[in-house]
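Commentary on secondary and tertiary structure
Read off the chains here:
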Amino acid sequence: VNAAKDKLPVGVVVASAGEFVIMVDPTTGNSRSISSGPVAWLFPAPGGILFAPDLVNGRTTVLDLRTMTPGDPIRGVTMPRFGTLPDRYLVLAKQVLVMSYPERALMNRFEISFDHPWQVAVLAENTVLMVLERLPVAGSEASMTAVNLSEGRLVYRRPLAGDVRHFAPSVDLGVIALAQAEENQVILADPATLSPAAVFSTAGKPVDLVFAEDGSTLVIAVERPDGGGELSIWKIKRDKKGSLQKKKEWTVPLAGAPVRIAGSPDGRHVAAGLESGELQIVELDSQLVVASVNLRAAPRDVVWCDPSIEGPLLPDWSDDDAPTLGIG
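Residues numbered from 1 in each chain as written. Predicted model: local features only at pLDDT ≥ 70, side-chain atom pairs only at ≥ 80, totals over all residues. Heavy atoms only, no water.

**Regarding the sheet that holds strand E17 (residues 175-180)**
- Read from one edge to the other, the open sheet built from 4 strands follows the order E16-E17-E18-E19, with strand pairing classed as antiparallel. At either margin of the open sheet sits one strand with a lone partner, and together these are strand E16 (164-170) and strand E19 (196-201). The average undirected angle you get between the axes of adjacent strands in this sheet is 20 degrees.
- Across 5 bridges, strand E18 (residues 185-189) lies against E19 in antiparallel orientation. Residue pairing for E19: Gln185 is matched across the bridge by Ser201. (Pairing = 2+ DSSP bridges. Helix = DSSP H or I, 4+ residues; strand = E, 2+ residues; numbered from the N terminus. Axes fitted to C-alpha atoms, helices over the stretch in contact; angles between N-to-C directions.)

**Quick notes on the pattern of salt bridges**
- Applying the stated rule across the entire model yields 13 salt bridges.
- In this structure, Arg224 and Glu230 form a salt bridge, with 3.5 Å as the shortest nitrogen-oxygen distance.
- On the accessibility criterion, Glu230 (9% relative accessible area) is buried.
- Lys246 serves as the salt-bridge partner of Glu249, at 3.6 Å between the closest nitrogen and oxygen.
- Where salt bridges share partners, they join Arg134, Asp163 and Arg165 into one cluster. (Salt bridge = Lys/Arg side-chain N within 4 Å of Asp/Glu carboxyl O. Buried < 20%, exposed > 50% of the residue type's maximum accessible area, 1.4 Å probe, protein only.)

**Thoughts on the sheet that holds strand E22 (residues 229-238)**
- Read across the sheet, 4 strands follow the order E20-E21-E22-E23 without closing on themselves; strand pairing throughout is antiparallel. At either margin of the open sheet sits one strand with a lone partner, and together these are strand E20 (205-212) and strand E23 (244-254). Averaged over all adjacent pairs, the angle separating strand axes in this sheet is 20 degrees, with direction ignored.
- When E22 meets E23, the two strands line up antiparallel, connected through 10 bridges. Across the sheet, residue Trp234 finds its bridge partner in E23, namely Glu249.

**Observations concerning the packing of aromatic side chains**
- Applying the stated criterion to the full structure yields 6 aromatic pairs.
- Ring geometry for Phe51 against Tyr101: centres 6.5 Å apart, planes inclined by 85 degrees, an arrangement best described as edge-to-face. With Phe51 in strand E5 (residues 49-54) and Tyr101 in the loop between strand E10 (96-100) and strand E11 (106-110), this residue pair connects regions lying 50 residues apart in the sequence.
- Judged by its relative accessible area of 3%, Phe51 falls in the buried class.
- Residues Tyr89 and Tyr101 carry aromatic rings whose centres are separated by 6.1 Å and whose planes lie at 75 degrees to one another, so their mutual orientation is edge-to-face. Within this pair, whereas Tyr89 is found in strand E9 (residues 88-92), its partner Tyr101 is found in the loop between E10 and E11, the two being separated by 12 residues in sequence. (Phe/Tyr/Trp six-rings, centres within 6.5 Å; stacked < 30°, edge-to-face > 60°.)

**Brief notes about the side chain of Glu230**
- As for its position among the elements, Glu230 is in strand E22.
- Excluding residues that lie within four positions of it along the chain, Glu230 makes contacts with Ala203, Ile220, Ala221, Val222, Arg224, Thr251, Val252, Pro253 and Leu254. (Contact = heavy atoms within 4.5 Å.)

Given below as structure tokens:
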């Protein structure tokens, strides 16, 4: 019994769909909808908090995922992008701003601008920023940017061909996977240079992808040519020569064409948001759909949050202390 219990999904799945943000318990499929206005991207924060900015009406819904309740909304739009440090986040605009959390004081700024940040990842203990820029329209031009956050320096900004919809980094394999929808393929590239290390075909358009388990299992949401959808699950390993090989693969049929997927915090499950407005929770080990929820509209974003991640400790402001000299 315990073995089965250990496999239950952990955390909370959150989707933005229609005029609502929907919080879903992945073990039961129970959900709670909060009126939010049209929210595009969702921004998880430490301490079980999630920010859901409505760009149309200029306000941000704040959710407490531990109690599944809304907090006080914020006037205006806040889009904090957190890495592993709970006391700071990034804001991407005409500059990259490093802000303290929860006080929102400016800590640093870098003269690197982003016009259309589509997907953002803060990696390697908050030392690397990777940004996929593109417009929402299918087939729009895309580019990938890498920033060294320790030095605040742009490492590269490269155009991407083939309608890249999303990317997924794997520390374990040392690659970044790119979902090339136009070419029906996934490219595994070296994140330092973006040079391809391996290219694998998919059975349709790869619209989103995540690395799961220990970072060697790649899960791809595929929109099939017949309008249906499926998850492709690939076990990827390096052979003795160091080249990447697909060792095993499975296919899980979905109830419709996928729009977004999100991996669970423990890497055992994936949530797939479908065009039909359904959210399906898939267990990767058994390749079974273990829960499904009706979101009533196609999701714009799906995130899987771990509310048990601790928030920041309240800072000990140094100017409260008597001034000292750090000599000797």
